[in-house]
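Residues per chain are reported as follows:
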Amino acid sequence: MPGEPTLPLIGNLSSEVELTFTPSGVAVAHFTVASTPRYFDRTSNQWRDGDPLFLRCNLWRDAAENAAESLVKGARVLVWGRLKQRSYETRDGDKRTVYELEVDELGPSLRFARAKVTRTTGETGNGPRSGGFGQRDSTTSTTRSSTETAMASGAADPWASDSTTRSDGRESWETPVLAGAGAGFGEPPF
């Protein structure tokens, strides 16, 4: 929605990802990201920790299930989402306000760790989803590349190989030249 404050957040999961389901069966993951700023104290000539920020995050649908299967407590994550304010009343009648992040994107930080990405496949109620990046629904009239077609059909991951297959069937280890920059394969025009 326009005007919603969006922000990136880098921090560590302070607990395991809690996966729940709504009464209609939609998956939602709840987790808290702890982000502690560090600064260099010139008087003591040492790095110091600032005050930590603990921000509750909500992630929906398939991404919620993926997060619950992929991330563990203490994992350093990169989160991008929309900041929301929610008010409620306690049982004692006290009014409270909390701030939460409705997560749009979530991933592990590769600064101090390694991750292996495994693509998921299948249709969701939230739109088309398959192994290909930017692949469109079959109801949309669009031409798919051979890579997208192979990925949509469940074939082996084409990115797993260091080589590419040209349209004439030969393997190439070079970068293709963009249209209009010359024929064949060679160096990119930039």
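Analysis parameters
Residues numbered from 1 in each chain as written. Predicted model: local features only at pLDDT ≥ 70, side-chain atom pairs only at ≥ 80, totals over all residues. Heavy atoms only, no water. Core = buried A, V, L, I, M, F, W, Y, C linked by side-chain atoms within 4.5 Å. Buried < 20%, exposed > 50% of the residue type's maximum accessible area, 1.4 Å probe, protein only. Helix = DSSP H or I, 4+ residues; strand = E, 2+ residues; numbered from the N terminus. Contact = heavy atoms within 4.5 Å. pLDDT = per-residue confidence, 0-100.

**Some words on the nonpolar core**
Reasoning step 1: Judged by nonpolar contacts, the single largest core of 18 residues is most densely connected at L13, F31, V33 and V79.
Reasoning step 2: No other element matches the four residues that strand 3 (residues 27-35) contributes to this core.
Reasoning step 3: Contacts of V79, omitting those with residues within four sequence positions, involve L7, P8, L9, V33, L101, V103, E105 and L106.

**With respect to unusual backbone geometry**
Reasoning step 1: Positive phi, normally seen in glycine, also occurs at N45, with a value near 60°.
Reasoning step 2: Assessed through its relative accessible area of 56%, N45 is described here as exposed.
Reasoning step 3: Positive phi is not limited to glycine here, since R61 has a value of about 60°.
Reasoning step 4: Structurally, the position occupied by R61 is in helix 1 (residues 61-70).

**Things to note about the confidence of the model for the protein**
Reasoning step 1: Across the protein, the average pLDDT comes to 74, with 63% of residues at or above 70.
Reasoning step 2: Note that residues 125-166 has pLDDT below 50 and, in this model, 50 contacts with residues that lie over four places away or in other chains.
Reasoning step 3: Within the model, the stretch residues 170-186 combines pLDDT values under 50 with 25 contacts to residues more than four positions away or in other chains.

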